[in-house]
Amino acid sequence: MDDHVTIRRKHLQRPIFRLRCLVKQLEKGDVNIVDLKKNIEYAASVLEAVYIDETRRLLDTDDELSDIQSDSVPSEVRDWLASTFTRKMGMMKKKSEEKPRFRSIVHAVQAGIFVERMYRKSYHMVGLAYPEAVIVTLKDVDKWSFDVFALNEASGEHSLKFMIYELFTRYDLINRFKIPVSCLIAFAEALEVGYSKYKNPYHNLIHAADVTQTVHYIMLHTGIMHWLTELEILAMVFAAAIHDYEHTGTTNNFHIQTRNPLPGILFLILRSDVAILYNDRSVLENHHVSAAYRLMQEEEMNVLVNLSKDDWRDLRNLVIEMVLSTDMSGHFQQIKNIRNSLQQPEGLDKAKTMSLILHAADISHPAKSWQLHHRWTMALMEEFFLQGDKEAELGLPFSPLCDRKSTMVAQSQIGFIDFIVEPTFSLLTDSTEKIIIPLIEEDSKTKTPSYGASRRSNMKGTVNDGTYSPDYSLASVDLKSFKNNLVDIIQQNKERWKELAAQGTVVYDGLLPSRSVLSPPLRCWIFFSP
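Keep in mind it's a predicted model, so treat the numbers as computed, not measured.

Caption draft 1: Spatial organisation of the overall build of the protein chain. Each helix and strand in the protein chain was counted, giving 23 helices and zero strands. Here the protein chain holds 530 residues, and 57% of them are scored as buried. For the protein chain, the share of sequence-separated contacts (at least 6 apart) that also reach a separation of at least 24 residues comes to 83%.

Written out as structure tokens, the structure reads:
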């Protein structure tokens, strides 16, 4: 702790001296406006860095920052179910010799946030200041039923920006890949603008933040973070954040069916033109990736500017595969492929496993607490109904679940859980067990932890009071609890829907009618790709 204080005092001396000089100059009336502005900005950057270090208490001075964690975030009816992971120990051991030792958070603040001015490294600027309410909310970011709505309210409707920055910080991705902080913040804010463009009830920045957090949870609590490389973790968090960017609130099929420009119906190029552009194949998913990468063509938003050519290419390939896998029309084929892979001796494909994690996160809200699940369901149904309103206006037949006067909400949720959600999470737990159990056994036999375990075992929550240091090592992984928790919550939610179905009523929070026709439209979920 003494070292921590020394570091802080050392780097505060310079801005304090500058500020005192400015006060004297102001008293004399001899101040250059340009110098005044530069010195105030400099002092502010240092104070912000110390604020982050002091209030969030990420790690003790001598702790290494684990570069990897994972989490999951709730999602909807359509994403993806891509696949599986593979562990190549030889490759990992080789990489462990090449990777630099991770610095403590204090050092990261020193050499990362205001280092541009103090050490003349050019890839960092001022960090993102956290409001106190955001700090409090993010203390639960490692929990399964994390309340992303509370984060959105605490952050002034910037939940995605803070979630991105939080996870990039926790995994030390900013330092590891020399991501300019100013670019990361600008990129996150641009993503939020794109997610808000159509004012979707469901496919919005809150959903993106939710899925990103859920991916984080899954990586963390299944131990998959010990299996992934740093670049793969960057790909997971990045893909989750952009996976629905500029979603129109309508389905792929709606785009395919509406060939002509429709003023007032859709905006931007994401009208019928997008179906023509992508030849009716994963129309929205292709756009999400393409539009997000287009943002990074702007210098001030190019978060990947310092990646090597090989890393940039590998990351892009992973992100494309993961986001395209969120197209629900390929759900059953993906499930079948991964199930078959589990039976093969060569094991699971890594990119497919990462896709499965993102897909599971995207459709995870039926596995969250009833309060969150019900709220997400109401938002999704309202988005479906808005599409149905457009279809009625255009003289088109209603897509499944889009007629607000006759949709069978409770039974549709039961069918969705039975035939989509439960099989997906069953496959996810089976896959993680096949990947992680051998790693745990190997780790227990060796005196020296594996590279992945050693670099992450002392990882602590980014936002804590210094009294609680959760153990994220391989030895702490409890796959049984992870699985049982999911099974219990899903079953509880299904029972709640069955009760509502039996009563013939559903509470819609003012968004939807008070009663719904109850019949299991499973085919609606199978063919409906939001």
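After that view, the rundown keeps rolling.
Caption draft 2: A look at helix α18 (residues 350-362). A rise of 1.5 Å per residue sets the reference length of α18, with its 13 residues, at 18 Å; its end C-alpha atoms lie 18 Å apart and thus fit the reference within 8%. Along α18, twelve of the 13 residues are buried, which leaves the element largely enclosed by surrounding structure. Among all positions in α18, only K350, A351, T353, M354, S355, L356, I357, L358, H359, A360, A361 and D362 are buried. Contacts from the buried residues of α18 go to α11 (205-222), α12 (230-242), α16 (309-324), α17 (331-342) and α20 (409-445). Where α18 begins, one side-chain oxygen reaches toward the backbone nitrogen of A351, 3.3 Å away; that side chain belongs to D349.

Caption draft 3: Summary view of the packing of aromatic side chains. Taken as a whole, this structure holds twelve aromatic pairs when the rule is applied. Geometrically, the ring pair formed by F187 and F238 is stacked, given 5.7 Å between the ring centres and 5° between the ring planes. Of this pair, F187 sits in helix α10 (residues 181-196) while F238 sits in helix α12, and the two are 51 residues apart along the sequence. In terms of burial, F187 and F238 fall into one category: buried. One aromatic cluster is present, built from ring pairs that chain together W144, Y217, F425 and F482. Residue placement shows R176 over the ring face of F177; its charged tip is 4.8 Å from the ring centre. The ring of F149 is capped by R375, whose NZ or CZ atom sits 3.9 Å from the centre of that ring.

Caption draft 4: Here's a closer look at α20. The end-to-end C-alpha distance of α20 is 51 Å, a good match for the 54 Å that 37 residues give at a rise of 1.5 Å each. The sharpest bend along α20 comes to roughly 40°, located at I417.

Caption draft 5: Representation of the environment of P470 within the structure. With respect to the secondary-structure elements, P470 resides in the loop between α21 (451-456) and α22 (479-503). Taking the C-alpha atoms as reference points, P470 and D142, 328 residues apart in sequence, are found 9.9 Å from one another.

Caption draft 6: Region of interest: the side chain of S325. Looking at where S325 falls in the secondary structure, it is placed in the loop between α16 and α17. At 2.6 Å, the side chain of S325 forms a polar contact with the backbone oxygen of E321.

Caption draft 7: Representation of the packing of α18 against α20. Relative orientation of the contacting elements α18 and α20 amounts to 140°, with a least axis distance of 10 Å. One element, α18, and the other, α20, form an angle in the oblique class. Like other packed secondary-structure pairs, α18 and α20 cross with a definite hand, here left-handed. For the pair α18 and α20, contact is made by T353, L356, I357, H359 and A360 and by T424, F425, L427, L428, S431 and I435, respectively.

Caption draft 8: Expanded view of the confidence of the model for the protein chain. Per-residue confidence for the protein chain averages 79 on the pLDDT scale, and 71% of its residues sit at or above 70. Low pLDDT, under 50, characterises residues 260-271; the stretch is placed with 25 contacts to residues that sit more than four places away or in other chains. Note on residues 507-530: pLDDT is under 50 here. Beyond four places in sequence and across chains, it has 82 contacts.

Caption draft 9: Spotlight on unusual backbone geometry. A positive phi angle, near 50°, is found at K178, a position not held by glycine. Looking at where K178 falls in the secondary structure, it is placed in the loop between α9 (173-176) and α10. The residue E246 is not glycine, and still its phi comes out positive at about 60°. With respect to the helices, strands and loops of the structure, E246 is situated in the loop between α12 and α13 (252-257). On the basis of relative accessible area, E246 is assigned to the buried category, the value being 8%.

Caption draft 10: Here's a closer look at the pattern of salt bridges. This structure, assessed with the given rule, holds 17 salt bridges. Two residues, K161 and E189, come together in a salt bridge whose shortest N-O distance is 3.2 Å. One end of the pair, K161, is in helix α8 (residues 159-170); the other, E189, is in helix α10, and 28 residues separate them in sequence. For K161, a relative accessible area of 9% translates into the label buried. Accessibility expressed as a relative area gives 35% for E189, which makes it partly exposed. Ionic pairing is found between K494 and E422, a salt bridge with its closest N-O pair at 3.4 Å. With K494 in helix α22 and E422 in helix α20, this residue pair connects regions lying 72 residues apart in the sequence.

What counts as what
Residues numbered from 1 in each chain as written. Predicted model: local features only at pLDDT ≥ 70, side-chain atom pairs only at ≥ 80, totals over all residues. Heavy atoms only, no water. Helix = DSSP H or I, 4+ residues; strand = E, 2+ residues; numbered from the N terminus. Buried < 20%, exposed > 50% of the residue type's maximum accessible area, 1.4 Å probe, protein only. Contact = heavy atoms within 4.5 Å. Expected span 1.5 Å × (residues − 1). Polar contact = N/O pair within 3.5 Å; in protein donor to acceptor, adjacent residues only side chain to side chain. Phe/Tyr/Trp six-rings, centres within 6.5 Å; stacked < 30°, edge-to-face > 60°. Lys NZ or Arg CZ within 6 Å of the ring centre and 35° of its normal. Bend = angle between axes of the 7 residues up to and from the residue. Axes fitted to C-alpha atoms, helices over the stretch in contact; angles between N-to-C directions. Parallel < 35°, antiparallel > 145°, perpendicular 65-115°, else oblique. Left-handed = near helix turned anticlockwise from the far one by under 90°. pLDDT = per-residue confidence, 0-100. Salt bridge = Lys/Arg side-chain N within 4 Å of Asp/Glu carboxyl O.

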